[in-house]
Amino acid sequence: MKRVTIYDVAKDAGVSLATVSRVINGSDVVKGPTRDKVEAAIEKLGYKPNAIAQGLALQKTTTIGLVIPEASFTYTGQIINGVIAVAGMYNYNIMLHTTTEGVTDISDIIETIIKSHVDGVVIYNDKLLKDEMDTLSKYNIPIVIIGNKMSGKSICSVYVDIEKAVYELSMKYLEGGKKDIAIIEDRKNKYAMDQMVKGVTKAYKEKGMEFNNYLVIPDNYRTSYDFLKNYLKDHKHDLIVANRDSQAMAVCNAAKENGLTIPDEMEVVCVIDTKYNSMVRPQISSFAIPSYDLGMVSMRVMTKMLQNDEIDESEIELSYLFTPRQSTK
């Protein structure tokens, strides 16, 4: 079956391509009988405007820039799927940009985004500096941040409250008499670490105690595991909380090599849940964070911003669920 084009509509209506384009894109320039002829031809031929063609006519690209850190592909895969699912519903294309720590400068990514004339930007990245956000904002490009709670001119965010999650977990342990809680540093996720430390610190403060067990990994150690296998030789905690699955696995492996039994002698919790947490032994307790929903909701917020629809909240919090497994009692 032949696809009906704008040329067919123009020929049937006896008008120019420019006239058809103006009618399709809602211009008030074309009025009366001419508009009626074009609309009648569109209906008769069953013409469906191409989203990209419409975008070009409106000086838009119908493209959304999506920025994610390459190191987080295991976790962000579902976020990307969620973004793409909603983008497809609204005829938007996704232009993916990845950042690599120590290789890709985020400012270069931003410059590329600006030059590509995208209609909006969805960003999952906790290392954006205020100056870089201001650079995007001054171009009046709608921005949706995934993971970080922030808002401003043309900026919305969709996030899970990691601080609250770790606070509630810490309170449960403190109230159960287990007062030796430690958090292992994740060098790649400073924002997440700040939230985790705030959560546990708040819990300790409410119990009249001070939190002092933030395990900073010295520069001379390449990995969490290298540090932990030495650290756990003469240290033990009631609970160690890690941000990523690989770090939680490193805790479990290092503990086993040092004769510590998980969870009888020490418990382990991972904040970000992935499929690997249930594949390893012991299976690692973690927070089920709705990564697919983070992508879907962020893209839906973006479509509302682009269509100038009313947005109830500029900072949207999604819920989480603690999933106990073999690494906790």
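Keep in mind it's a predicted model, so treat the numbers as computed, not measured. (Residues numbered from 1 in each chain as written. Predicted model: local features only at pLDDT ≥ 70, side-chain atom pairs only at ≥ 80, totals over all residues. Heavy atoms only, no water.)

*Asks:* Before we go on, may I ask you to explain the nonpolar core in this structure?
*Replies:* Considering soluble globular proteins, one finds that nonpolar side chains tend to be buried as a cluster. Core analysis: the largest hydrophobic core is formed by 48 residues, its most contacted members being Ile 181, Ile 183, Met 196, Val 241, Val 271, Leu 294 and Met 299. Ranked by residues supplied to this core, first place goes to helix α8 (residues 162-175) with eight residues. Ignoring sequence-local partners within four residues, the contact set of Ile 181 consists of Ser 170, Tyr 173, Leu 174, Val 200, Tyr 204, Phe 211, Asn 213, Leu 239 and Val 241. With 22 residues, the next largest nonpolar core counts Leu 215, Leu 260, Ile 262 and Cys 270 among its residues. (Core = buried A, V, L, I, M, F, W, Y, C linked by side-chain atoms within 4.5 Å. Buried < 20%, exposed > 50% of the residue type's maximum accessible area, 1.4 Å probe, protein only. Helix = DSSP H or I, 4+ residues; strand = E, 2+ residues; numbered from the N terminus. Contact = heavy atoms within 4.5 Å.)

*Asks:* Teacher, can you tell me more about the pattern of salt bridges here?
*Replies:* Two side chains carrying opposite charge are able to pair once their charged atoms lie near each other. The full count for this structure, using the stated rule, is eight salt bridges. Among the salt bridges present, the one from Glu 317 reaches Lys 164, with a minimum N-O distance of 3.0 Å. You can see Glu 317 sitting in strand β11 (residues 315-318) and its partner Lys 164 sitting in helix α8, a full 153 residues away along the chain. Accessibility expressed as a relative area gives 33% for Lys 164, which makes it partly exposed. Among the salt bridges present, the one from Lys 207 reaches Glu 175, with a minimum N-O distance of 3.4 Å. Residue Lys 207 is located in the loop between α9 (190-206) and β7 (214-215), and its partner Glu 175 is located in helix α8; the two are separated by 32 residues in the primary sequence. For Glu 175, a relative accessible area of 55% puts it in the exposed group. (Salt bridge = Lys/Arg side-chain N within 4 Å of Asp/Glu carboxyl O.)

*Asks:* Explanation requested: the pairing of strand β9 (residues 267-272) in the structure shown.
*Replies:* Consecutive side chains of a regular strand alternate in pointing toward one face of the sheet and then the other. Of all six residues in β9, six are buried; the element is thus mostly enclosed. With four bridges connecting them, strand β8 (residues 239-242) and β9 associate as parallel partners. Considered in β9, the bridge of Ala 242 is made with Cys 270. Relative to strand β10 (residues 285-288), β9 runs parallel, the two being bridged by three bridges. Bridge pairing links Val 269 to Ser 285 in β10. (Pairing = 2+ DSSP bridges.)

*Asks:* What exactly am I supposed to notice about unusual backbone geometry here?
*Replies:* Across residues other than glycine, the phi torsion is negative in most instances, and most of the peptide bonds are trans. Note the cis peptide between Ile 262 and Pro 263, where omega equals 5°. Considering the arrangement of structural elements, one finds Pro 263 in the loop between α11 (245-257) and β9. Residue Pro 282 is reached from Arg 281 by a cis peptide bond, and omega for that bond is 0°. Inspection of the secondary structure puts Pro 282 in the loop between α12 (276-279) and β10. Although it is not a glycine, Asn 91 adopts a positive phi angle of roughly 60°. Within the secondary structure, Asn 91 is located in the loop between α5 (73-89) and β2 (93-99).

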